[in-house]
Each structure stands twice: as structure tokens, then as C-alpha cells.
Amino acid sequence: MKRLFDLMLGIVALAILALPIIAVALAVRLTSKGPALYWSDRVGINNTLFKMPKFRSMRVGTPAVATHLLSDPSSHLTPIGSFIRKTSLDELPQLWSILKGDMSFVGPRPALFNQHDLIEMRTQQGVHQILPGLTGWAQVNGRDDIPLSKKVQFDVEYLQRRSVLLDIRILWLTFLKVVKRDGVSH
């Protein structure tokens, strides 16, 4: 049921967002050197690796680590990087990962391949057994503003309470957070 929901919503979202996706891709290419997309190695279901696309908000050559681990994240941003991150436009290419089946609309955000502490905490709690999501319970309850241990607590809560109604609620709360630009540090 969830896969069918993801496919249907993904196709509708792609149809609606096709022009904004093209516009952001062009804006990224025109304002900085390098490709429009950045393919990030991420941890998916059962800790398998997959390539997740995002619009490139960081300059080419930025270390592949979580943004909060960079000494001065803003110095690595492209001219429109801050804007596309705060508006979550950088996440639009992840529709590809949803349609492909590597991700769902709702689930724990996929960890970077080198976030060993997060991967281990999720594995110990069984969170690794569900598809990662474009958004999740942790994102609507703090996003960048909460420590990893708290994110994992929210991921576990989602694992235990999963339902279509909870997913719809999370999608609605995500929409509100994006509109308000709430919980984004960089």
C-alpha cells in the first residue's frame, strides 16, 4: 500500500514540479561551476547503499560530510545554495529515488554513508529495516535543530507508529515547515 501511495504521489508531484525542477537545475548551473545534481552515497533499507540525487547547494570539492561537521558551512555554499536549502528545493531530485524505490515520501532521512554513529544507533533500534524518506517524524520535530540521539528517538517512534494517517500528517507538517523555512540551519 505504501509503495503504491509513493508511486502515485511521486508521479503527480513530478508532473506538478517539472517546471520548478528545470528552473532550479538551470539556476544551479548558471550560478556555479559543476553539475546541477550532486549524487550522494546514502544508507537505505537494511543498511544498503544507494545514490541519492540533490540539487547541488555546495561548491564542487566540498567534503562529503554532514553539513554540521564543516567548520564554516556557509563558506562552501554556492550563490543560491542557502536559498535552495532553506526552501528545500535542493530535495526535489529525490523524487527519482522515490519512484525508483530506494526511498519513500515518509521515513527516516537517509544517513550519509559515513555517519557511522547514526547508522549504528538506527541499526540497534531496528530503524534500518524501513525505507528512508524524503521527510520524516524527526524532520517535523526539529530537523537540523536536534541532536542525533533525539532524531533516532523520533525515528523509533515512527517505526512503532507507522500508518497511512501518520504519513499524511507528516507530509502536511513538512509542507508547513517548508513554507515557514523552519528548522534549517544552513
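The present account deals with the structure reproduced in this document. (Residues numbered from 1 in each chain as written. Predicted model: local features only at pLDDT ≥ 70, side-chain atom pairs only at ≥ 80, totals over all residues. Heavy atoms only, no water.)

Right, let's talk about the side chain of Thr-62 for a bit. Checked against the element boundaries, Thr-62 lands in the loop between strand S2 (49-55) and helix H2 (81-86). On the basis of relative accessible area, Thr-62 is assigned to the buried category, the value being 18%. Within polar-contact distance, the side chain of Thr-62 engages the backbone oxygen of Arg-59 at 2.8 Å. Excluding residues that lie within four positions of it along the chain, Thr-62 makes contacts with Leu-70 and His-76. (Helix = DSSP H or I, 4+ residues; strand = E, 2+ residues; numbered from the N terminus. Buried < 20%, exposed > 50% of the residue type's maximum accessible area, 1.4 Å probe, protein only. Polar contact = N/O pair within 3.5 Å; in protein donor to acceptor, adjacent residues only side chain to side chain. Contact = heavy atoms within 4.5 Å.)

In this section: the environment of Ser-104. Among the secondary structure elements, Ser-104 is positioned in strand S3 (residues 104-106). For Ser-104 and Val-179, which are 75 residues apart along the polypeptide, the C-alpha to C-alpha distance reads 21 Å. Each residue touching Ser-104, except ones within four places of it in the same chain, is listed here: Lys-2, Asp-6, Ile-98, Leu-131, Pro-132, Gly-133 and Leu-134. There is a polar contact of 2.7 Å between the side chain of Ser-104 and the side chain of Asp-6. In terms of polar contacts, Ser-104 uses its side chain to reach the backbone carbonyl oxygen of Val-106, at 3.4 Å.

Keep in mind these values describe shape, not function.
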